[in-house]
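Below, each chain spelled out in residue letters.
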Protein chains: 2
Amino acid sequence: MNLKELSNKLNLSQTTVSRALNGYPEVGEKTRARVIEAARKYNYHPSYSAKRLAMGKSHAVAHVVPQSPQHSMINPHFSDFIAGAGSTYAKFGFEMLISVVPYDEQEKCYRELARSKRVDGVIVHGPYKEDPRIGLLQSLQLPFVVHGRTEESNIDYSWLDVNNRSSFKRATNFLLDLGHERIALLNGIEEMDFAYRRRLGYEAALTQRGIEVDSGLIFSSDMIEPYGYDVTKSLLQRENAPTGLVTSSVLTALGVVRAAQECGLQIGKDLSVVTFDDELSFLQYPGVPLFTSVRSSIMNAGRRLAEILLDQIDNPDKPPVQELWETDLVVGQSTGPRRV
Amino acid sequence: MNLKELSNKLNLSQTTVSRALNGYPEVGEKTRARVIEAARKYNYHPSYSAKRLAMGKSHAVAHVVPQSPQHSMINPHFSDFIAGAGSTYAKFGFEMLISVVPYDEQEKCYRELARSKRVDGVIVHGPYKEDPRIGLLQSLQLPFVVHGRTEESNIDYSWLDVNNRSSFKRATNFLLDLGHERIALLNGIEEMDFAYRRRLGYEAALTQRGIEVDSGLIFSSDMIEPYGYDVTKSLLQRENAPTGLVTSSVLTALGVVRAAQECGLQIGKDLSVVTFDDELSFLQYPGVPLFTSVRSSIMNAGRRLAEILLDQIDNPDKPPVQELWETDLVVGQSTGPRRV
DNA sequence: TCCGCAAGCCAAAGCCCTTTGAAAATTTGA
DNA sequence: TCAAATTTTCAAAGGGCTTTGGCTTGCGGA
């Protein structure tokens, strides 16, 4: 059943039927009711392809995911984000398109997306301190929003970020308050803006207390379990091992726990850990949380960012939206006063 | 630049230009060369929307992801799978569309996808022992392939599965050979076919050695870290605690390790663990693996399944493809002989 | 009674490609 | 050399929707 057939059945023109269905005002209310009823009865649904061709809109959004053998963008953090964004898209009838491309083909991919009008907008993941994608997308006139932000966040584009700096300052302070002085940072990859800011927060907390930053206690890597394990293992073998750790992800923190326990240390007693917690859905469970953490749901971020993007697509002239989310500090079992 | 403009520039008809570009034989070689050259020069690319409308093909594949508050399909296993499938799609110029929908709207979603011709095919995730989606998709005439299979795998559809039964039999046997007799199974959700088969394998191994299956040692849940932790914690408090465990995912196994260490037990000495390992990309690291495991890359499965689907789309008349992958047994540090 | 103005509806053009059926140009074969 | 076969090209008909511009109604005001 297509528009033509439906309008024949109704003895109306395609114009009127189309307008009735799409809520345009120039059609009488009884007519509209009749049309809607008929559409339901005959199970009419407009063809997406035709609609897109006619309107020059794709009703789709892309996530371009750079993939390299070294760094996998497709990780649990990403998938939770996608789950959130996906639910927004579903709600508004948008499609989500995930393009997995090699690092050096990203630009090509964006250009292609813009040119082909295959999508109405994109979400940019994991921005670097300075990120060429921002300028590229602006020049391509392709609506976009950024998960995170670049160093010069005053540039005019939409982003949503958690307050990484304050979160890590707070996390570090929490350990300092407990008496810890040698505190390690297991950061993400520091070329990325979020990790850079996290480090700043960590350093600020230390400096404020007059504790010198020890670069030997700062690590940077993909936020996975073995990373936490390996670093902790080697840290604990040092003479002057840290008594507190701040980590960038629960995954990493799990590695820390494994290493500590293997060394016979009790988490929360012999070693304290505060982690950033994205509230990954597959790690949630009821009860007192294992980890003391600063937390913010990455799934909610996905949901919200998608909303911002869709809004941006509908209203290209609205000013950019920039949201900075604060995190919650949740005290779990992984922290305790420094043992003397 | 659209087709019309390009053909005007060339003083050719749209027909000829279109055919030249799409490799049809009824166009002279010099003409074709001329057309291709011009297309490059003017940076002409056909419009996807128009192409789709004209051909009734979408060059896209959907993954319908049921989402509920209880079970999150979007987990690290899924995202690795997607990464694999995505790379295949990218290679062949297909789009990947992820539809996150509530459980009870799946059928509607599939019907909608089929009706609207928004995609040329779908990949079915996480089949149950009996799965209504199979019949639905067959009746909708929408090409599909299944990751895993249903109990009656002789039905005529394409699937790719790992040999869950033999893998778990093997894993269990490995523990039995080490002298373990009380072996727990931390399975996935047993309504799902893969978990059902895993249990069969586990039980078969025990029975073959004349060990009675103790249903008190069998657990079933989403394969996450806290699950492994909780179950292990409670198991170790029993009088007659198991000395060996078989788990369905490395995530769960990590929880097992955490619980065991917390109880002062050493993994590989006091407690042995064999896990199924999907080779999740974010958990890979060099060196002797922590876990003894039966393994098969879920990312490769995604890659291959996408290939099968695309092939199926191109050649609808080819018979279904059914692949059963065997797993590798890799010995790590998590297993050792039973202590007396 | 007639005009003007909304409100309601319509025909047709436009979006941009593929594909059919046929014509024109070229080559082949006797 | 000319008809037949083949190659090359084309005009036009889809595909299914939106949207422009214009054409009817029906009604209130003059």
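- Per an unreviewed UniProt entry, chain A carries the name Transcriptional regulator, LacI family and comes from Cohaesibacter marisflavi.

As for the overall build of chain A
Argument step 1. Per the secondary structure count, chain A includes twelve helices and twelve strands.
Argument step 2. By the compact-globule yardstick of 20 Å for 340 residues, chain A is too spread out, its C-alpha radius of gyration being 25 Å.
Argument step 3. When the backbone C-alpha atoms are referred to their principal axes, chain A occupies close to 90 × 45 × 35 Å.
Argument step 4. Expressed as a percentage of its 340 residues, the buried residues of chain A come to 55%.
Argument step 5. Summarising the internal contacts of chain A: among those between residues at least 6 apart in sequence, 69% fall at separations of at least 24.
Argument step 6. With an accessible surface of roughly 14800 Å², chain A has 49% of that area assigned to carbon and sulfur atoms.

Description of the interface of chain A and chain B
Argument step 1. Across the contact, 44 residues belong to chain A and 44 residues belong to chain B.
Argument step 2. Overall, the association of chain A and chain B removes approximately 4100 Å² of surface from exposure, summing both partners, and the carbon and sulfur fraction of that is 62%.
Argument step 3. Taken together, chain A and chain B are joined by two salt bridges.
Argument step 4. For A:E95, the salt bridge identified is with B:R118, shortest N-O distance 3.3 Å.
Argument step 5. At the junction of chain A with chain B, the criterion picks out four residue pairs in polar contact (both at pLDDT 80 or more).
Argument step 6. When residues in the side of chain A that touches chain B are grouped by element, the largest group, seven residues, is from helix α5 (residues 76–91) of chain A.

Here's the deal with the sheet that holds strand β12 (residues 328–330) of chain B
Residues and elements named next belong to chain B.
Argument step 1. Taken in spatial order, the six strands of this open sheet run β7-β6-β8-β9-β10-β12, and their pairing is mixed. Both edges of this open sheet fall to β7 (218–220) and β12, since each of them pairs with a single strand only. When strand polarity is set aside, the average angle formed by the axes of neighbouring strands in this sheet is 15°.
Argument step 2. Where strand β6 (residues 183–187) lies against β7, three bridges are found, and the strand directions are parallel. Directly across from N187, in β7, lies its bridge partner S220.
Argument step 3. In the packing of helix α10 (residues 225–237) onto the sheet, contacts are made with β6, β7 and β8 (244–247), and the angle to β6 comes to roughly 155°.
Argument step 4. Along the sheet face, helix α11 (residues 250–262) touches β6, β8 and β9 (272–277) and points at about 160° away from the line of β9.

Details of the packing of helix α8 (residues 164–177) of chain B against helix α9 (residues 193–208) of chain B
Residue and element names in this part refer to chain B.
Argument step 1. Closest axis-to-axis distance for the α8/α9 pair is 7 Å, and the angle between their directions is 40°. Regarding the angle of α8 to α9, the classification is oblique. In the crossing of α8 with α9, the sense of the turn from one axis to the other is right-handed. Contacts between α8 and α9 pair N164, R165, F168, K169, T172, N173 and L176 from the former with F194, R197, R198, L200, G201, Y202, A204, A205, L206 and Q208 from the latter.
Argument step 2. For the contact of α8 with α9, the class distribution of residues is eight nonpolar, five polar and four charged.

Some points on the pattern of salt bridges
Argument step 1. In this structure the tally under the stated criterion is 40 salt bridges over all chains.
Argument step 2. Residues B:R32 and B:E29 are paired through a salt bridge, measuring 3.9 Å at the closest nitrogen-oxygen approach. Here the residue B:R32 and the residue B:E29 both occupy positions in helix α3 (residues 29–41), the gap between them amounting to three residues, near one helical turn.
Argument step 3. Its relative accessible area of 13% is what places B:R32 among the buried residues.
Argument step 4. For B:R197, the salt bridge goes to B:D193, with nearest N and O atoms at 2.6 Å. Taken together, the positions of B:R197 and B:D193, both in helix α9 and four residues apart, correspond to about one turn of that helix.
Argument step 5. Given the relative accessible area of 12%, B:R197 is considered buried.
Argument step 6. It is possible to trace a salt-bridge network through shared partners that takes in A:R52, A:E95 and B:R118.

Reading the values: the criteria
Residues numbered from 1 in each chain as written. Chains lettered and ligands numbered in written order. Predicted model: local features only at pLDDT ≥ 70, side-chain atom pairs only at ≥ 80, totals over all residues. Heavy atoms only, no water. Helix = DSSP H or I, 4+ residues; strand = E, 2+ residues; numbered from the N terminus. Rg over C-alpha atoms; globule rule 2.2 N^0.38 Å. Buried < 20%, exposed > 50% of the residue type's maximum accessible area, 1.4 Å probe, protein only. Contact = heavy atoms within 4.5 Å. Areas by Shrake-Rupley, 256 points an atom, 1.4 Å probe, with all protein chains shown as cover. Buried area = accessible area lost by both parts, 1.4 Å probe. Salt bridge = Lys/Arg side-chain N within 4 Å of Asp/Glu carboxyl O. Polar contact = N/O pair within 3.5 Å; in protein donor to acceptor, adjacent residues only side chain to side chain. Pairing = 2+ DSSP bridges. Axes fitted to C-alpha atoms, helices over the stretch in contact; angles between N-to-C directions. Parallel < 35°, antiparallel > 145°, perpendicular 65-115°, else oblique. Left-handed = near helix turned anticlockwise from the far one by under 90°. Nonpolar A, V, L, I, M, F, W, Y, C, P; charged D, E, K, R; others polar.

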